[in-house]
Structure formats: structure tokens, C-alpha cells
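As a plain string of letters, each chain reads:
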Amino acid sequence: MAVEQEQTQIPAQDGPYGHIEVKLDDKGRLRLPPRFKNHLSLRFPNERLFITSMDLTRGRLYPISVWKMNLEILENVEGDEDSERAEQVIFRANKYGLDQGVDDQGRIMVPPKLRDLLSIGPGGGEDAQRVWLQWSNEGIDIFNKAEYDRLSGESDQPRVDDKKFLKRLKVK
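Residues numbered from 1 in each chain as written. Predicted model: local features only at pLDDT ≥ 70, side-chain atom pairs only at ≥ 80, totals over all residues. Heavy atoms only, no water.

> Whenever I open this one, the overall build of the protein confuses me. Can you help?
For the protein, the helix and strand inventory stands at eight helices and eight strands. When the backbone C-alpha atoms are referred to their principal axes, the protein occupies close to 55 × 40 × 35 Å. Residues classed as buried in the protein amount to 37% of the 172 residues present. Restricting to contacts in the protein with at least 6 residues of sequence separation, those with at least 24 account for 64%. When the accessible area of the protein is evaluated, it comes to approximately 11,200 Å², of which 49% is carbon and sulfur surface. With 27 positive and 30 negative side-chain charges, the protein shows a spacing of 4 Å between the two charge centroids. (Helix = DSSP H or I, 4+ residues; strand = E, 2+ residues; numbered from the N terminus. Buried < 20%, exposed > 50% of the residue type's maximum accessible area, 1.4 Å probe, protein only. Contact = heavy atoms within 4.5 Å. Areas by Shrake-Rupley, 256 points an atom, 1.4 Å probe, with all protein chains shown as cover. Lys, Arg positive; Asp, Glu negative; His and termini not counted. Charge placed at Lys NZ, Arg CZ, Asp CG, Glu CD.)

The structure is reproduced here in C-alpha cells:
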């Protein structure tokens, strides 16, 4: 009990760290872990969320204020090719997205089109019910098993120049 209480008292300026595995329920909802839900309520009080995919490989939960900033950036892209690509990204995000609140139990509905795109949710077996969450860049990434495994395999392979790269960035 004390551990759970400690985890939910995250300062607003710090995001939750690490990957958290959660399961979608039979209605296609995911329950935000307490530290994610608490962080969102501290950092973005009373905000609705926009759940979507921008890259077709992972889901993404944005607080509405962050999503609006992204829209402003995308809507003001200059140049024919970039402008057209930005329009496609907006269309895709709306095609798979849904703006909604988190219910009293910390659950948020993953829209059916997004569940289909990511091969997650009810009816897809045990692996389809499991997703991994990661706080990143003012929102939450949602990984299905295939994408999580792919990224895990890549990140678990040491690169010869990692040490130099981290030193150059002055990572301690």
C-alpha cells in the first residue's frame, strides 16, 4: 500500500519513468496505471485526452492542450510537399483517433479502428490484450506486443558508438 501511494505522488514536472504493461478489458478500454493517471491530473488538470496513432505503428495518448499545439504546428507547415504530408498526418490521426475523458476508474476507450490498426483488444488472444505504456514528450506511447518486441530487440543490441554518443551529449 505504501509503495502504491508513493508512486502516485509524482511531481508535475516529472513524467513517470519506465515501461508499464497493462491489459485492455473486454470492451477495449485500457486502465491507466495510478502513476500515469496521477501525473496527467497534476500536469494537465481536467483535460480530455486524444488517443490516436500518428505513425501507424504505435498508439499515442495526448492531453488535448498538447494535441492542439501539434495541430497548430501541422496546420502551419509551409511548402507544398510538407504541407501535403502534414494534411495526411492530421487526416490519419483523426481517422484512428477519439477525444475523450478518463473515467472514474482510470480507463480510456481505445477506438475500434485504432485497435484494429494496432492488432490489440478483445478477441485477439492473450497477446492482443497486452500493451505497454511509456511516458514520452508530454504524452503516452502505446505499444502492441510486436512493436514492443521489435524495439526491445533493437535496444538490447549494444552499438559500438553508444558510449561516445552519450558522452558527446554529456549524459551522466
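Back to the write-up after that little detour.
> Is there a simple way to explain the packing of aromatic side chains in this structure?
How two aromatic rings sit relative to each other is given by the distance of their centres and the angle of their planes. The tally for this structure, following the rule as stated, stands at three aromatic pairs. An angle of 45 degrees between the planes, with centres 5.3 Å apart, marks the rings of Tyr-62 and Trp-67 as tilted. When the centroid spacing of 4.5 Å and the interplanar angle of 10 degrees are considered together, the rings of Trp-132 and Tyr-148 count as stacked. A residue pair is termed long-range when its members are at least 10 positions apart, and Trp-132 in strand 7 (residues 130–136) and Tyr-148 in helix 7 (residues 145–155) qualify at 16 residues. One aromatic cluster is present, formed by Phe-50, Tyr-62 and Trp-67 through successive ring pairs. (Phe/Tyr/Trp six-rings, centres within 6.5 Å; stacked < 30°, edge-to-face > 60°.)

> For this particular structure, what's the right way to read helix 3 (residues 64–75)?
Structural remark: α-helix, 3.6 residues per turn; residues separated by three or four positions point the same way. Between the first and last C-alpha of helix 3 there are 16 Å, a value that for 12 residues agrees with the 16 Å anticipated at 1.5 Å per step. Residues of helix 3 that are buried: Ile-64, Val-66, Trp-67, Leu-71 and Leu-74. What you see down the axis of helix 3 is that its buried residues fit within an arc of 155 degrees, all on one side. Counted as exposed and oriented over 90 degrees from the buried face of helix 3: Lys-68, Glu-72 and Ile-73. Of the surrounding secondary structure, the elements contacted by the buried residues of helix 3 are strand 3 (49–52), strand 4 (59–63), helix 4 (80–96) and strand 5 (98–100). (Expected span 1.5 Å × (residues − 1). Arc of directions from axis to C-beta.)

Remember that the coordinates give geometry; whether it matters functionally is a separate question.
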